[in-house]
Amino acid sequence: MTGSRRPALSRRALIGTGLAVGAAALTAAGSGPAGAAERPSTAPPGARRRAYAFLAAAMDAYPEHGTVRLTQSYTDQAGLFSTAFTYDNALTILAHLASRTGDGHRRAVALGDALLYAQAHDPAHDDGRLRQAYNAGPYTFYDGSPQPYGFVRADGTANVGTQFGFTGTAVGDMAWAGIALSALARRTGQRRFLTGAVRIGEWIERVGRTDEPLGGYKFGVDGADRRLPFTSTEHNTDLIGLFGRLARLTGDPVWRERRARAAAFVRKMWEPSAGFFYTGTNDGVTINTSPIPEDTQTWTHLALSSPAHARSLDWATTELSVLDTADRRNSTVPAGQSYEGVTFSSAGLLANEDAPIAAGQPKPDRNGVWFEGTAHLALALRHRHAPGDESRARRLLASVERAQDLLGGDQTIGGRALPTRSGVVSASSPLDTGFGFGYYPYRHAGATAWYLLAAARANPLAA
């Protein structure tokens, strides 16, 4: 059942029309009652406050283009202009709910309503789907063509990210949007959010369910609405979280059956001899054995809470651990600084340091720290709470907080300066994920949101 064929695509891979993205191929692509903390946070209040200031600035960057808006995913310097990834916005909703503040609540509701708007005003479909990304504000593309609108186009449709080909729909992105909407439904009691989450779940059931030998739910569709053949461990882990929430909120047993189906696929990806989860399958029959990503180790623990699989965190902590310092060959870390954490996958540790990750991009640093993954590893360790887990988690979060303080200075969103020392960069140095794209030292809504969830001890994958 195992092999080393071409790896299944990650959720973060481009699933648009197949257009190559050159200089800007940097895609990001609450527990209890919608974000309740298990124990009080130990993160410095100033660090959390500055992280929220970044998310607010990324949401408010285009005030002249309407009140229905999304959060820009990366700073302008990443070259993706006003792109707002669905996944990043779902995480931002969850982070705002975890703040337990009035402003956080209002922002979460506004972003949730924007996702519902996109669902109801897609330019081509009316079946509950969302796209990989949208435009949050105007810009002029590299070829000189203008993109003059905000999130809502002049004809009232949602402004899908066609310029970069971000027009497909991945099951993982949809699952996270559904998780965020279900969290809003639980927090606010507003039926519209649950209705939107159920529509997402039903779309996934129609499009993703597969009866192939390994089972589970497949990847989604590309920009031409063609179904993609891959089945991702990460996606099915996301579905454990979404379907579990829908089962609890609706009381409909069909969601428990669907959750069990996704969980069965995930468990089939377990490698008991070494204690980790594989990435998935390309054909529904053969398990891909390389590369091995970090998030299939951490998210599986957050979703399953399975003592039998808890060793996955030890594997990630040991096998994907990196320390980025200024004297590394391709490091962009300033002199005198160092950052610890984890890389994206086992392939990152073997990246070709003599070649750029993609055309026009810098060469990768094998020890580049992926701060998004470092944050959710910290959260998973806090959730497991074995001896030594809390001290390790605090050390990882201290590294993320140091990055917020010192990396990504003078970056902007919508041409506007950011609050000082606000927002976490996606990586300490350019790193190769092993899935055809890289991460770079640009401040990122997704990485910032995961830091805030970890600081609040809020498990977004719990039902």
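One can find the structure itself at the top, above this paragraph.
Just so you know, these numbers come straight off a predicted model, no measurement behind them.

Attention now goes to unusual backbone geometry. Leave glycine aside and you will find that most residues have negative phi; peptide bonds, for their part, are mostly trans. Cis rather than trans, the peptide bond between Ser290 and Pro291 has omega equal to -5°. With respect to the secondary-structure elements, Pro291 resides in the loop between strand S13 (287–288) and helix H8 (295–304). For Arg457, which is not glycine, the phi torsion reads 60° and is therefore positive. Looking at the secondary structure, you find Arg457 in the segment after helix H12 (445–456). Residue Arg457 is classed as buried on the basis of its relative accessible area of 4%.

Turning to the nonpolar core, a few remarks are in order. Counting 114 residues, the largest nonpolar core has Trp176, Ile204, Leu239, Leu242, Phe371, Trp450 and Tyr451 as the members making the most contacts within it. For this core, the leading source of residues is helix H4 (residues 171–188), giving eleven residues. Those residues in contact with Leu239, other than ones at most four positions away along the chain, are Val171, Ala175, Ile204, Tyr217, Gly244 and Ala262.

With 18 residues, helix H5 (residues 191–208) should reach 26 Å at 1.5 Å per residue; the first-to-last C-alpha distance of 25 Å fits that figure. Among the residues of H5, Phe193, Leu194, Gly196, Ala197, Ile200, Gly201, Trp203, Ile204, Glu205, Val207 and Gly208 are the ones counted as buried.

Relative orientation of the contacting elements helix H10 (residues 371–384) and helix H11 (residues 389–406) amounts to 155°, with a least axis distance of 8 Å. Put simply, H10 runs roughly antiparallel to H11. Considering the relative orientation of H10 and H11, their crossing is left-handed. The residues of H11 that touch H10, namely those facing Phe371, Thr374, Leu377, Ala378, Leu381, Arg382 and Arg384, are Asp389, Glu390, Arg392, Ala393, Arg394, Leu396, Leu397, Ser399, Val400 and Ala403. Residue composition of the contact of H10 with H11, by class: nine nonpolar, two polar and six charged.

Before going further, it helps to examine empty space enclosed by the protein. Quantified by volume, the largest cavity comes out at close to 60 Å³. Around the largest cavity, the lining residues are Met59, Ala61, Tyr62, His65, Gly66, Val68, Arg69, Leu70, Ala136, Gly150 and Phe151. Classifying every residue of the lining of the largest cavity gives seven nonpolar, three polar and one charged.

Let us now look at the pattern of salt bridges. A complete count under the given rule lists 27 salt bridges for this structure. For Asp103, the salt bridge goes to Arg107, with nearest N and O atoms at 3.1 Å. Of the two residues, Asp103 and Arg107 are both situated in helix H3 (residues 102–120); the distance of four residues between them amounts to about one turn of the helix. On the accessibility criterion, Arg107 (11% relative accessible area) is buried. Among the salt bridges present, the one from Asp211 reaches Arg261, with a minimum N-O distance of 3.2 Å. Of this pair, Asp211 sits in the loop between H5 and strand S7 (220–221) while Arg261 is found in helix H7 (residues 254–268), placing the two residues 50 residues apart along the sequence. For Asp211, a relative accessible area of 71% translates into the label exposed.

What follows deals with the environment of Ser321. Structurally, Ser321 is set in strand S14 (residues 321–325). Ser321 sits in the partly exposed class, given a relative accessible area of 43%. For the pair Ser321 and Arg227, spaced 94 residues apart in sequence, the C-alpha separation works out to 35 Å. Apart from residues lying up to four places away in sequence, Ser321 is in contact with Ala316, Gly341 and Val342.

Each value, and the rule that gives it
Along each chain, residue indices are assigned from 1 in the same order as the chain's sequence is written. Owing to the predicted nature of the model, reporting of local features is limited to residues with pLDDT of at least 70; listing and counting of side-chain atom pairs is limited to 80 or more, with chain, interface and lining totals taken over all residues. To obtain the side-chain values, all non-hydrogen atoms of the structure were used and water was disregarded. Numbered from the N terminus, helices here are DSSP runs of H or I no shorter than four residues, and strands are runs of E no shorter than two. A simple rule labels every residue: compare its accessible area, found with a 1.4 Å probe on the protein chains alone, to the largest value its type can have, and call it buried under 20%, exposed over 50%, or partly exposed in between. Residues belong to a common nonpolar core when they are buried Ala, Val, Leu, Ile, Met, Phe, Trp, Tyr or Cys residues joined through side-chain atoms within 4.5 Å. Residue contacts are defined here by distance: any two heavy atoms, one from each residue, within 4.5 Å place the two residues in contact. In this analysis, the expected span of each helix is defined as 1.5 Å times one less than the number of residues it contains. Between N-to-C directions, angles cover 0 to 180 degrees, with each direction set by a line fitted to C-alpha atoms, over the stretch in contact for helices. Any angle that falls under 35 degrees is termed roughly parallel, while one over 145 is termed roughly antiparallel, one within 65 to 115 roughly perpendicular, and all others oblique. The crossing is said to be left-handed when, going from far helix to near helix, the turn is anticlockwise and less than a right angle, and right-handed when the turn is clockwise. Residue polarity follows a fixed list, in which Ala, Val, Leu, Ile, Met, Phe, Trp, Tyr, Cys and Pro are nonpolar, Asp, Glu, Lys and Arg are charged, and the others, Gly among them, are polar. Buriedness for pockets is judged along seven lines, at least five of which must meet protein on both sides within 12 Å for an open set on the 1 Å grid over protein atoms alone, while cavities are sets there where a 1.4 Å probe fits but cannot get out, and lining residues have an atom within 4 Å of a point. Grid points are joined across faces, edges and corners, and a volume is the space filled by probe spheres set on the points. Within this document, salt bridges are pairs made up of a side-chain nitrogen of Lys or Arg and a carboxyl oxygen of Asp or Glu, the two lying within 4 Å of each other.

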